[in-house]
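# Inside the fold
As a plain string of letters, each chain reads:
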Amino acid sequence: MPVVHAFQPQDAARWDEFVSGCPEATFFHRAGWRTVIERALGHKTWYLYAESGGEIQAVLPLAEINSHLFGHCLSSLPFCVYGGIAAISESSRIALDRAAQALAARLNTDYLEYRNLRIQHPDWPTKDLYVTFRKGIDPEEERNMQAIPRKQRAMVRKGIKAGLESTLDENTERFFLAYSASVHRLGTPVFSRRYFRLLKEIFAEDCELMVILKGGRTVSGVMSFYFRDEVLPYYGGGTSEAREVAGNDFMYWELMRRACERGIKTFDFGRSKRNTGSYDFKKNWGFEPQPLHYEYQLHRAGAVPDHNPLNPKYQIFIKAWQKLPLPMANLIGPYIVKNLG
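Every chain's residues receive numbers from 1 upward, in the order its sequence appears when written. Given that this is a predicted model, residues contribute local features only at a pLDDT of at least 70 and side-chain atom pairs are listed and counted only at 80 or more, while totals for whole chains, interfaces and linings are drawn from all residues. Working from all heavy atoms in the structure, the side-chain values ignore hydrogens and water.

All right, on to the packing of aromatic side chains then. Two rings belonging to Phe, Tyr or Trp (six-membered ring only in the last case) form a pair when the distance between their centres is within 6.5 Å. Interplanar angles under 30 degrees mark stacking, angles over 60 mark edge-to-face geometry, and anything in between is tilted. Throughout the structure, instances matching the rule amount to 42 aromatic pairs. Between F267 and F269, the aromatic rings sit 5.1 Å apart at their centres with planes inclined by 90°, giving edge-to-face as the arrangement. Note on accessibility: F267 and F269 belong to one class, buried. Only lysine NZ and arginine CZ atoms are considered, and such an atom sits over a ring when it is within 6 Å of the ring centre and within 35 degrees of the ring normal. A cation over an aromatic ring shows up here: K44 above the ring of W46, its NZ or CZ 4.6 Å from the ring centre. Above the face of the F287 ring, K135 is positioned so that its terminal group lies 5.5 Å from the ring centre. Only protein chains enter the calculation, and the probe is 1.4 Å; a residue is then buried if its accessible area is under 20% of its type maximum, exposed if over 50%, and partly exposed in between.

Following this line, the structure appears as structure tokens:
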């Protein structure tokens, strides 16, 4: 029978070795997220794994958020689009599932959340809000260009004609300038600079910063994660100039082109809420939405949480946030966003 253990720092290498080889695991199952969530966001983590015969058979990264504003939850994994149990044996999956449910009850949480790619608990309440967009990258660069629908391809070519250039950064500042400006226009609080610096420090070459320049000015920027043969552009945005010169369109093409050169096989465009601008943008690239199965075991809560910008009760806050000066928004935002998950 598998035995459930709590993660210890000395387990990091074997945890990540398992994640690398487990078909169900994602970049967000990597042990480094534990450090990011604890050090940059201040939340307690509960990383569990099931072992049998001295070998890890399943892992479950969990983080606890306890906020006066947004409630008390145990989630796999907040701030990440994918999570849940990654297992190579059913008995280990069951053992971790039971351990997580018992932990959520012991902590007296409102709910336990799994951010699954596939359905695991058909009888649990779900949130049918998010989809993900994933597509194969052709080994031939021009075929990738031709696979982009005509109108979107014209936007990419507009960026090329505008003389945009891409460059890779080790420092997060130029990326942060573009990203923070973008989310501010949307009325969304931004993560701290420390958060992005830690992501780059911990995931090193698997965390790439690419910025788009015009005449030396930063137009847009993206932080991407690499996992196995996939690239995930996870945080991206542009300055006010980006729309004028198709900066974001050029940026994602450049990322795809560079990934093609590296032999990467899958472009994971990430999560979007249904019927939003982000959702439409990704569909315009020829990507088809695939449902995400966010499942909830309710404990103290009476219903599935609805902490997202589409909730009408947040509209006044969003409009007020958009009016804040950007430096002030960047100063205050991290205190809010760390409680959202």
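Next comes the rest of the description.
Since the α-helix packs 3.6 residues into each turn, any two residues three or four apart lie on the same face. Buried within helix α7 (residues 193-203) we find Y195, F196, L198, L199, K200 and F203. As for α7, its buried residues are in contact with α2 (32-41), β11 (165-169), α6 (173-186), β12 (207-214), β13 (217-227) and β14 (230-238). Put simply, DSSP marks the helices as runs of H or I at least four residues long and the strands as runs of E at least two long, and each gets a number from the N terminus on. Just past α7, the residue A204 takes up positive phi, approximately 50°. Note on contacts: a residue pair qualifies if any of its non-hydrogen atoms lie within 4.5 Å across the two residues.

Note: two strands are recorded as paired if DSSP finds a minimum of 2 bridges between them. Pairing is mixed in the open sheet, where 7 strands are placed in the order β11-β12-β13-β14-β15-β10-β16. Edge positions in the sheet fall to β11 and β16 (289-291), since each of these pairs with one other strand and no more. Within this sheet the neighbouring strands show an average axis-to-axis angle of 35°, counted without direction. Both β14 and strand β15 (residues 266-273) contribute to a ladder of 2 bridges, which runs parallel. When the bridges of β15 are listed, V231 appears paired with F267. Fitted lines through C-alpha atoms serve as axes, helices being fitted only where they are in contact, and the angles separating the N-to-C directions of these axes extend from 0 to 180 degrees. Across the sheet, α7 is in contact with β11, β12, β13 and β14; its angle to β12 comes to roughly 125°. Here helix α9 (residues 247-262) sits on the sheet and contacts β11, β12, β13, β14 and β15; the angle it forms with β13, its principal contact strand, is near 40°.

The subject of this paragraph is the pairing of strand β4 (residues 55-60). Of all the 6 residues making up β4, 5 are buried; the element is thus mostly covered by neighbouring parts of the structure. The pairing of strand β3 (residues 48-52) with β4 spans 5 bridges and is antiparallel. Looking at β4, one finds that S52 is bridged to E55. What sits between β3 and β4 in their antiparallel hairpin is a turn of 2 residues, with G53 showing a positive phi close to 60°.

The next point concerns the pattern of salt bridges. Throughout this description, the term salt bridge denotes a Lys or Arg side-chain nitrogen within 4 Å of a carboxyl oxygen of Asp or Glu. Counting across every chain of the model gives 17 salt bridges. Here E173 and R193 are joined by a salt bridge, their closest N and O atoms 3.2 Å apart. Of this pair, E173 sits in helix α6 while R193 sits in helix α7, placing them 20 residues apart in sequence. Where E254 meets R257, a salt bridge forms, and the shortest distance between an N and an O atom there is 2.8 Å. Separated by 3 residues within a single helix, E254 and R257 lie in helix α9, roughly one turn from each other. The two residues E254 and R257 agree in class, both being buried.

On to the sheet that holds strand β17 (residues 293-298), then. Here we have 6 strands laid out as an open sheet, ordered β2-β5-β6-β8-β17-β9, and mixed in their pairing. Looking along the sheet, the strands with just one partner apiece sit at the ends: β2 (44-45) and β9 (126-127). Pairing geometry for strand β6 (residues 71-76) and strand β8 (residues 111-116), over 4 bridges, is parallel. Bridge assignment links C73 to a residue of β8, and that residue is Y111. Sitting on the sheet, helix α3 (residues 90-106) touches β6, β8 and β17, and the angle it makes with β8 is about 145°.

Look at α2 against α7: their axes get within 10 Å of each other, and the N-to-C directions meet at 155°. The orientation of α2 relative to α7 falls into the category roughly antiparallel. The handedness of the crossing between α2 and α7 is right-handed. Packed against α2, whose contacting residues are G32, W33, T35, V36, R39, A40 and L41, the element α7 presents R194, Y195, L198, L199, E201, I202 and F203 at the interface. Note that the term roughly parallel is reserved for angles under 35 degrees, roughly antiparallel for angles over 145, roughly perpendicular for angles of 65 to 115, and oblique for everything else. Put simply, a crossing is left-handed when the front helix is turned counterclockwise from the back one by less than a right angle, and right-handed when it is turned clockwise.

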